[in-house]
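The primary structure of each chain is shown beneath.
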Amino acid sequence: MTRRGAELLAIGSELLEPGRVDTNGSYLSRHLGERGIEVRYRTVVGDSVDDLTEAFRVAMARCGLVIATGGLGPTVDDLTREAVAGLLGLRLIEDEKIFAGIESRFRRYGLAMPPSNRRQAQVPEGAEVLPNPHGTAPGLRLVAGETTVVLLPGVPAEMKAIFEGSVLPGLPETGERFMYRVLKIAGLPESEVDHRLAAVHRGAAGVSWTILAAPGQVEIHLREKVRTGGTPDGIERLDREIGETLGIHLFGRDEQTPGEVLGGLLLRAGQTVAVAESLTGGTIARRIAAVPGASRYFKGGAVCYSDGAKVKLAGVRPETLAEKTAVSPEVAVEMAEGIRASLMADWGLSATGLAGPGGGEGGRQAGTVILGLAGPGVSLSREMLLPGDRGIIQERTALLAMDLLRRALEGGAP
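A quick note: this is a predicted structure, and the numbers were derived from the prediction, not measured.

**Structural notes on the overall build of the protein chain**
Then step 1. If you tally the helices and strands in the protein chain, you get 14 helices and 17 strands.
Then step 2. Taken along its principal axes, the extent of the C-alpha atoms in the protein chain is 80 × 55 × 40 Å.
Then step 3. Here the protein chain holds 414 residues, and the buried ones make up 49% of them.
Then step 4. Within the protein chain, contacts between residues at least 6 apart in sequence are counted, and of these 67% link residues at least 24 apart.

The following block contains the structure:
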């Protein structure tokens, strides 16, 4: 591979719509990096032959490896084969073996093959066919001058199977690899994290550093190129320095979720938790219960949206609600204490507040959040004002509540 690096093309007009994310590109970037192949560009392109042709032309002119995902299906908007063949001046030829395999797959499930699936047996002349063990669209590999072009299906399970089985083994050994680490921080805004770590960042020679804001947390992404078989000494050093600087604010690494971190701490302490939720509507419970094995430490929870539910399910006193209103530190504490007692848990965790968009009693603003925590020797509340729409406020509140308990379990100031 004489041209430098790789470009990834994510194909499909749906990927240009709000809310759709190219997860295939993230997967491929990591696995190519582990081979020492730097991904220099990632492009998303819609289902237009002209746009696809231009995207492939540009990618092939600047990178030695181009991997495209998507556009290999049977429908009229699956145009990747046509675009590549047209750009390279190649005929599309029906591959009898692929066609027979598609027919056989449909028969195996007792179905007649739709005529449109015949398109998936078309192959640019001279292309290598890469078997797809999970679907009907095979992958394809072509060499055009100094560039290798790989076409993969967009369905993640199919893409991964072909990449790992037929593409990854044939990639050149560079003698180097990129190694990665993500450090996850809670309780500090992005600007404050950046300020506190300024001196550490200045000493990050040889390690690329990106700081990102995510809902309820800040992430630092580190990347280092090392010799194959070597260790990421720079990443390890920065990890230590960041941990020493941020202390308890650093809660996890890489794929660890707040729920996994909290669950691990509860298991090690031999303790349990129960939750009472108002504005989060069960989001805290969902995040805790999403971790396999959560039944060992999660007693359960109650969604106490109305005042009556707060009284009946979480043991809040009616007089507290009447005097202080539902959005108050006193109610948050009583919710935590009540759910802890009723479910016989070591810890009770609660959330009340106003997710918005409108304000509420006592002139409180939308985004007002009050957390409650009750446990061994602990009974407290934390009030804050969060930005964002209703969904963002609910998710951030859930993460902040879990982090409140994490800090208590780690012996820090909740």
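Read on for the rest.
**Some points on the packing of aromatic side chains**
Then step 1. Under the definition given, this model contains 1 aromatic pair.
Then step 2. Measuring from ring centre to ring centre gives 6.0 Å for Tyr-27 and Phe-163, while their planes differ by 75 degrees; the resulting arrangement is edge-to-face. Of the two residues, Tyr-27 sits in helix α1 (residues 23–33) while Phe-163 sits in helix α5 (residues 156–167), which places them 136 residues apart along the sequence. Here Tyr-27 matches Phe-163 in class, with each residue buried.
Then step 3. Over the ring of Phe-99 we find Arg-118; its NZ or CZ atom is 4.2 Å from the centre of that ring.

**Here we look at the pairing of strand β9 (residues 176–185)**
Two faces make up the sheet, and in a regular strand the side chains alternate between them.
Then step 1. For β9, the tally of buried residues reaches 7 of 10 residues, placing the bulk of the element in the interior.
Then step 2. Relative to strand β11 (residues 217–227), β9 is paired through 10 bridges, and the arrangement is antiparallel. Each residue of the ladder has a partner; that of Tyr-180, found in β11, is Arg-223.
Then step 3. Examined bridge by bridge, β9 and strand β12 (residues 250–253) share 3 bridges and lie antiparallel to one another. Bridge pairing links Ile-185 to Leu-250 in β12.

**Brief notes about helix α14 (residues 390–409)**
Helical geometry: 3.6 residues make up each α-helical turn, so side chains three or four residues apart lie on a common side.
Then step 1. For α14, spanning 20 residues, the distance from its first C-alpha to its last is 29 Å, which sits close to the expected 28 Å at 1.5 Å a residue.
Then step 2. Taking burial as the measure, the 20 residues of α14 include 15 buried ones, the bulk of the element.
Then step 3. Put simply, Asp-389 is the residue that caps the front of α14, since its side-chain oxygen is 3.3 Å from the backbone nitrogen of Gly-391.
Then step 4. Where α14 ends, the next residue or the one after it, Gly-411, has phi of about 85 degrees, a positive value.

Calculation criteria
Residues numbered from 1 in each chain as written. Predicted model: local features only at pLDDT ≥ 70, side-chain atom pairs only at ≥ 80, totals over all residues. Heavy atoms only, no water. Helix = DSSP H or I, 4+ residues; strand = E, 2+ residues; numbered from the N terminus. Buried < 20%, exposed > 50% of the residue type's maximum accessible area, 1.4 Å probe, protein only. Contact = heavy atoms within 4.5 Å. Phe/Tyr/Trp six-rings, centres within 6.5 Å; stacked < 30°, edge-to-face > 60°. Lys NZ or Arg CZ within 6 Å of the ring centre and 35° of its normal. Pairing = 2+ DSSP bridges. Expected span 1.5 Å × (residues − 1). Polar contact = N/O pair within 3.5 Å; in protein donor to acceptor, adjacent residues only side chain to side chain.

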